[in-house]
Amino acid sequence: MTQRALDSSGEQPDPVQTSQAPAPPGGLTTAEVAERVARGEVNDVPVRSSRSVTEIVRANVLTRFNLIIGVLWVIMLFVAPIQDSLFGFVIIANTGIGIVQEWRAKKTLDSLAVIGEAKPTVRRDGTSAEVSVSEIVLGDLVELGPGDKAVVDGTVAEADSLEIDESLLTGEADPVVKRPGDPVMSGSFVVAGGGAFTATKVGREAYAAQLAEEASRFTLVQSELRSGISTILKYVTWMMVPTAIGLVISQLVVKENDFKESVARTVGGIVPMIPEGLVLLTSVAFAIGVIRLGRKQCLVQELPAIEGLARVDVVCLDKTGTLTEGGMDVTEVRPLNGSDEAYVHRVLGALGASDPRPNASLQAIIDAYPDGGGWDVRQAMPFSSARKYSGAAFTESGGGASAWLLGAPDVLLAADDPALAETGHLNEQGLRVLLLARVPGGLDAPDAASEAEPAALVVLEQRLRPDAGETLAYFDDQNVDAKVISGDNAVSVGAVAQKLGMPGAEHPLDARRLPEDADAMASEIERNAVFGRVTPQQKREMVGALQSRGHTVAMTGDGVNDVLALKDADIGVSMGSGSEATRAVAQIVLLDNSFATLPSVVAEGRRVIGNITRVATLFLTKTVYSVLLAVLVVCFQVEYPFLPRHLTLLSTLTIGVPAFFLALAPNKERAQPHFVRRVMRYAIPSGVIAAAATFATYLIARHAYSGPGALDAETSAATLTLFLVSMWVLAIIARPYTWWRVGLVAAMGLCFLVVLAVPWLQDFFALKLVGVTMPWTAVGISVVAAAVLEVAWRLVGRRFRP
């Protein structure tokens, strides 16, 4: 019985109302289509592949921290020299970079989305042609075949053993047999048979379009990285507000300094508390990741998929279309039980001609035996992944009648049939074997499969993907478990996997022997690597069983039998040549159909996560020491040691510039969970040590210097200490060292030396080391702080070793 989907309120949607007369067999005419277009009866739902330019600008400009910094910048423009307002220009540059990079990513996504867009087949003027989804009009006759997705609502006009899966809408797992007059909901997909339906609801009236109103296709959801950064920013805000209030009171009221000087030093204390570049670099890293993958014809339909695949520890692979290419070749036909070989060839030709939408196996048979024999098809049973066979009944050229099944030998034959031993030997060679069997009682008989009489074995050779072996080796090297989950014979699948050098392929398991208990099933799946005779529902259950053990699971596939598993997996990966349904539910689409692209996606995700973790530690270290310095200033009732220009210089050299390069560098580290904890366990001790060393230098300098220029001298000594300690934090984060990382750290140090050495830069940044004793004292304190940093990082690394 057809189960209708529930809408968002929990009620069933209104039944489909056919507002047009049923489409004629030839479909609408060109004139009728033009009339409907003029009336606006077009499927005009906009395909939102990414944020609009306006949304990109708004998201990058209108942020909480940009507002805070903007207000402080305006204040500084009025009360202090331009040097103390540099932080505002840096924010403008950062925002511009973020907008440009996300705009570039948008262009990449939009162009790839057009390439990967579904092209439904519509019958007009008696001719079938592919059109874009947006060109469908009310009353169009839309043709359907296995794997096709219904893109609008409609009513079935023609049905040839049509079975539609509505589970993505209703949750009902069993396919629904559709007959003329039955409703078709947009978002459902064909699992077997074929037919056509008349479009009765298009545009925003269609059921799937109503569901899609709530979310864009490319959304930033379920991202631990982004949610972690949001959590960090929330805590930073809580820390900032009371600290900033205390600092304002301290500098403006208690010390009674010159007003403009007090404002400048107050702003100098507040600005560095804000990790303003962290969100920018995260956006840039994601955007550049999308662009890099786009160049490899990889469409990322949800941005967190880049991050998610980097966390994957189990990859479930469908054999056909993933490890093997889609096409096959018939290598041999072995007659059984005395069957006439020439007659078997005619039967195979007739079976090929009976299916208007053949799968890869049947297409290989059609290529080998293109002559249909002129037999009339009385009844057809399309292939189903659940049944594992197809069939047809014919009126032969001589007037006789016959019915045939073509499918899996181990499903159609009894367990003790001698032909199974022959099949087993062929499977062990990695060959695919189909059984041709005659059905004496016809296809309508309830026990047709059990009474089938074997007539011949059809031997097919599968074409291995040349790059599949290297890709499997990559996953093995990266400690990612690969599981081959296929509907084919387990021995055959294992032989193919063995040819590709896959570990564990020598012990394939027939999924029909898997226990039904989820926990026991999970144990079997963890122990084995290759599974055959897996039904679509079992694929879904196997993914769920692995997830129940804490695994992050990616699923690849291209067939309609993979849709449910793709949807439930943490990351679904579809081939570009796959069915419309698989492309619709997958987060990543490999448009070039190359399984070898997956390592690039994994590497890109690891680069993003690993590098953002590194640079987040830099930014949060600055936030921690800024907050602590402000607290110490309030507690000790002293002037804040820095002007905004000093911290702008330090942030640029120890965080801004190096973080940009580190965020885009290669990184093969496997992604680890608990982003916030991993960042803060390093940032807090680093910030505490930096603040303590800097404030100690500042207090010593207050006793060492006196007179009119004392505060400037004290600031310079404290700046030197903070720079050296921050540089050591950068040096730690830049590990493991490569030539460019060493060069990056050295270049930042050299830039600071230039500022100290060039007179006009000394004046511009108000930095001038006075005397000999105090500067060397600052260096000595920095050395001690660097040693304490090394010890602290090693202790944290040992205690929280992954």
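Predicted model only: the values in this text are computed from it and were never measured. (Residues numbered from 1 in each chain as written. Predicted model: local features only at pLDDT ≥ 70, side-chain atom pairs only at ≥ 80, totals over all residues. Heavy atoms only, no water.)

**Some details on the nonpolar core**
- Residues L309, M502, I588 and F752 are the most contacted members of the largest nonpolar core, which totals 124 residues.
- Residues contacting M502, with those up to four places away along its chain left out, are L472, A482, K483, V484, A497, A529 and V530.
- Core analysis: the second largest hydrophobic core is formed by 24 residues, A522, V543, A545 and L566 among them. (Core = buried A, V, L, I, M, F, W, Y, C linked by side-chain atoms within 4.5 Å. Buried < 20%, exposed > 50% of the residue type's maximum accessible area, 1.4 Å probe, protein only. Contact = heavy atoms within 4.5 Å.)

**Points about the confidence of the model for the chain**
- With 88% of its residues at a pLDDT of 70 or more, the chain has an overall mean of 80.
- Between the elements of the chain, mean pLDDT differs from a low of 54, seen in helix 6 (residues 207-212), to a high of 93, seen in helix 25 (residues 739-757).
- The model gives residues 1-21 a pLDDT under 50, and that stretch makes 44 contacts with residues more than four places away or in other chains.
- Contacts of residues 212-221 to residues separated by more than four positions or lying in other chains number 23 contacts, the stretch itself having pLDDT below 50. (pLDDT = per-residue confidence, 0-100. Helix = DSSP H or I, 4+ residues; strand = E, 2+ residues; numbered from the N terminus.)

**Here's the deal with a nonpolar patch on the surface**
- A cluster of nonpolar side chains, namely V74, L77, F78, I82, F89 and I92, defines an oily patch on the protein surface of about 590 Å² accessible area.
- For the nonpolar patch, the secondary-structure elements that each account for two or more residues are helix 3 (64-79) and helix 4 (86-115).
- Ranked by residue count, the leading element in the nonpolar patch is helix 3, at three residues.
- Checked against the element boundaries, F89 lands in helix 4.
- Judged by relative accessible area, F89 falls into the partly exposed class, the value being 39%. (Patch = residues over 30% accessible without salt bridge, like charges linked within 9 Å, V, L, I, M, F, W, Y side chains within 5 Å. Areas by Shrake-Rupley, 256 points an atom, 1.4 Å probe, with all protein chains shown as cover. Salt bridge = Lys/Arg side-chain N within 4 Å of Asp/Glu carboxyl O.)

**Here's the deal with the pairing of strand 20 (residues 571-575)**
- Most of strand 20 sits out of view: five of its five residues are buried.
- Taking every second residue as pointing to the same face, both faces of strand 20 are buried, with I571, V573 and M575 on one and G572 and S574 on the other.
- Pairing of strand 19 (residues 553-557) with strand 20 involves four bridges; the strand directions are parallel. Looking at the pairing, M555 lines up with G572 of strand 20.
- In terms of strand pairing, strand 20 meets strand 21 (residues 588-590) through three bridges, oriented parallel. (Pairing = 2+ DSSP bridges.)

**Regarding the packing of aromatic side chains**
- Scanning all chains against the criterion turns up 11 aromatic pairs.
- Taken together, a centroid distance of 5.7 Å and an interplanar angle of 70° make the contact between Y474 and F475 edge-to-face.
- An angle of 75° between the planes, with centres 6.1 Å apart, marks the rings of Y640 and F642 as edge-to-face. One exposure class covers both Y640 and F642, and it is buried. (Phe/Tyr/Trp six-rings, centres within 6.5 Å; stacked < 30°, edge-to-face > 60°.)

**Some details on unusual backbone geometry**
- Residue P736 is reached from R735 by a cis peptide bond, and omega for that bond is -5°.
- Among the secondary structure elements, P736 is positioned in the loop between helix 24 (710-733) and helix 25.
- Positive phi outside glycine occurs at R533, with the angle close to 55°.
- Here R533 shows up in the loop between strand 18 (530-532) and helix 18 (536-548).
- For R533, a relative accessible area of 7% translates into the label buried.
- Unlike most non-glycine residues, Q637 shows phi in positive territory, near 55°.

**Brief notes about the environment of R540**
- Mapped onto the fold, R540 is located in helix 18.
- Residues within four places of R540 in sequence aside, it is in contact with L564, A565 and D568.
- A distance of 2.7 Å separates a polar atom in the side chain of R540 from a polar atom in the side chain of D568. (Polar contact = N/O pair within 3.5 Å; in protein donor to acceptor, adjacent residues only side chain to side chain.)

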